[in-house]
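What follows is each chain in one-letter form.
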Amino acid sequence: MLTVLGIAVSPDLLDRWVDWLAPDEQPFFLTQNQATAWQLGTDDREPNREDRDTYWIYAIDRKAARTAWLSEAAYGELPKATRATLVRAQVNYGRGSVPTVKRWVDVVGDGVRQQADGHRFVWWKSLLRDPKAVLPGIVSKDLGPSRHAEVRHWPLQLPRVRELAGTFADGSGPNCFGTVMAACGVEGAEHVWMVREPFEEWLAAHTERGGRDDVPGTVFVWRNAEGLVEHAGLTIGDGWMLHKPSQAWKSPRKVRTVAEVKRATRTAGWRLERHRVVM
């Protein structure tokens with residue numbers, strides 16, 4: 001079985017990763033003038049959660065207010081000059097999944113040089129005939145591995161920690177808040193996009209301020225300058241912490257040292273609180 005970031009990945013999940021990285025139709029962001037000039041129809045359909053995370057839809061430049069949803073066939077029928085300017089526009093507007101040819105040409109073949117401008121391209125299923133050669137590099141980019149295999153003592157008072165540690169969610173949405181709540185016994189929390197309000201309610205009802213880094217059951221809470229919670233993790237003892245870096249489908253529930261999580265989460269304007277779970 002394929003292993004990514006120290007985590008076993010089933011064939012079924014790998015197939016879903018292919019669909020999320022290279023859906024049958026993918027969004028291209030552009031202005032109305034560009035849509036007219038390139039003769040592209042636009043569509044205001046609502047993207048799904050995996051689309052949002054694959055293409056960083058939440059970070060797109062606001063001036064690119066129109067969206068063209070293209071299949072691989074429709075994309076391939078565009079004049080090469082149009083494809084080149086379209087792909088370059090995606091880079092300029094902040095869209096995700098517009099990788100460099102240099103990074104991937106040796107993996108997926110020289111055909112990516114001809115797709116657009118010779119410097120950037122977009123993923124289609126035709127480039128993913130060997131997903132095991134591509135997906136691990138995309139999923140593991142910028143993420144350290146889960147170190148759950150190194151844990152020697154799992155906390156008996158937090159029985160679900162071991163079940164959750166070193167797993168991927170079934171798609172985008174499940175996040176750090178739900179991971180912490182599930183590890184502390186909230187049934188089903190690991191499967192939902194847990195927003196701030198229910199997490200804050202749980203925190204107020206089931207924890208008290210304080211806690212130590214070296215014992216199980218300390219919830220780390222990072223807040224922004226306005227006091228809104230941005231991230232959370234849970235200590236599991238012996239200097240280890242369980243956390244999920246983001247809600248994206250590529251983000252695993254993983255174990256890292258407390259020090260590693262603190263370094264990875266350090267952000268200007270954020271402050272760290274500790275809360276002790278009341279067992």
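As the structure is a prediction and not an experimental result, all values here were calculated from the model.

Quick notes on the rules
- Residues numbered from 1 in each chain as written.
- Predicted model: local features only at pLDDT ≥ 70, side-chain atom pairs only at ≥ 80, totals over all residues.
- Heavy atoms only, no water.
- Helix = DSSP H or I, 4+ residues; strand = E, 2+ residues; numbered from the N terminus.
- Buried < 20%, exposed > 50% of the residue type's maximum accessible area, 1.4 Å probe, protein only.
- Contact = heavy atoms within 4.5 Å.
- Areas by Shrake-Rupley, 256 points an atom, 1.4 Å probe, with all protein chains shown as cover.
- Pairing = 2+ DSSP bridges.
- Axes fitted to C-alpha atoms, helices over the stretch in contact; angles between N-to-C directions.
- Left-handed = near helix turned anticlockwise from the far one by under 90°.
- Nonpolar A, V, L, I, M, F, W, Y, C, P; charged D, E, K, R; others polar.
- Core = buried A, V, L, I, M, F, W, Y, C linked by side-chain atoms within 4.5 Å.
- Phe/Tyr/Trp six-rings, centres within 6.5 Å; stacked < 30°, edge-to-face > 60°.
- Lys NZ or Arg CZ within 6 Å of the ring centre and 35° of its normal.
- 1 Å grid on protein atoms, 1.4 Å probe; cavity = no way out; pocket = protein on both sides within 12 Å on 5 of 7 lines; lining within 4 Å.
- Points joined across faces, edges and corners; volume = space filled by probe spheres on them.

(A) Focus on the overall build of the protein. Counting secondary structure elements, the protein contains 12 helices and 11 strands. Projecting the C-alpha coordinates of the protein onto the three principal axes gives extents of approximately 65 × 40 × 30 Å. Buried positions account for 51% of the 279 residues belonging to the protein. Across the protein, contacts joining residues at least 24 apart in sequence account for 66% of those joining residues at least 6 apart. Split by element, the accessible area of the protein, about 13500 Å² in all, is 49% carbon and sulfur.

(B) Spotlight on the sheet that holds strand E6 (residues 207–209). Taking strand neighbours across the sheet as the criterion, the seven strands line up as E5-E10-E9-E8-E7-E11-E6 in an open arrangement whose pairing is antiparallel. Of all the strands in the sheet, the pair left with one neighbour each is strand E5 (167–168) and E6. Pairing geometry for E5 and strand E10 (residues 252–257), over two bridges, is antiparallel. Across the sheet, residue Phe168 finds its bridge partner in E10, namely Pro252. Strands E6, strand E7 (216–223), strand E8 (229–237) and strand E11 (271–277) of the sheet are contacted by helix H11 (residues 196–206), whose axis makes an angle of about 135° with E7. Its contacts with the sheet put helix H12 (residues 258–265) on E7, E8, strand E9 (240–243), E10 and E11, and the angle it makes with E10 is roughly 115°.

(C) Seen up close, the packing of helix H10 (residues 176–183) against H11. Taken N-terminus to C-terminus, the directions of H10 and H11 make an angle of 30°; their axes are 10 Å apart at the nearest point. The two elements H10 and H11 cross, and the hand of that crossing is left-handed. Two secondary-structure elements touch here, H10 through Phe177, Val180 and Met181 and H11 through Arg196, Pro198, Phe199 and Trp202. For the contact of H10 with H11, the class distribution of residues is six nonpolar, no polar and one charged.

(D) Structural detail: the nonpolar core. Phe199, Val219, Leu234, Ile236 and Val255 are the most contacted members of the largest nonpolar core, which has 27 residues in total. No other element matches the six residues that H10 contributes to this core. By size, the runner-up hydrophobic cluster in this structure holds 26 residues, among which are Val4, Ala22, Val139 and Phe168.

(E) Main features of the side chain of Thr179. Mapped onto the fold, Thr179 is located in helix H10. Excluding residues that lie within four positions of it along the chain, Thr179 makes contacts with Leu164, Leu242, Lys244 and Arg253.

(F) Region of interest: the packing of aromatic side chains. Scanning the model with the defined rule gives 10 aromatic pairs in all. Arranged with centres 5.8 Å apart and planes meeting at 55°, the rings of Phe220 and Trp222 form a pair that is tilted. Per residue, the accessibility class of Phe220 equals that of Trp222, and both read buried. The rings of Trp17, Trp20, Phe168 and Trp249 are connected pair by pair, giving a single aromatic cluster. The ring of Tyr75 carries Arg83 above its face, with NZ or CZ at 6.0 Å from the centroid. Above the plane of the ring of Trp249 lies Lys250, whose end atom (NZ or CZ) is 5.7 Å from the centre.

(G) Just the layout of surface pockets, in detail. Roughly 710 Å³ of volume is contained in the largest pocket. Contributing to the lining of the largest pocket are 28 residues, with Trp56, Ile138, Lys141, Asp142 and Lys250 lying nearest its centre. Within the residue set of the lining of the largest pocket, elements represented by two or more residues are helix H3 (49–54), helix H6 (101–108) and helix H8 (131–139). Residue composition of the lining of the largest pocket, grouped by class: 13 nonpolar, eight polar and seven charged. Estimates place the volume of the second largest pocket at around 560 Å³. Lining the second largest pocket are 26 residues; nearest its centre among them are Cys176, Glu230, His231, Pro245 and Ser246. Of all the elements in the fold, those that place two or more residues in the lining of the second largest pocket are H10, H11, E8, E10 and H12. Per-element accounting of the lining of the second largest pocket gives the leading share, four residues, to H12. Of the residues assigned to the lining of the second largest pocket, the class counts are 11 nonpolar, eight polar and seven charged.

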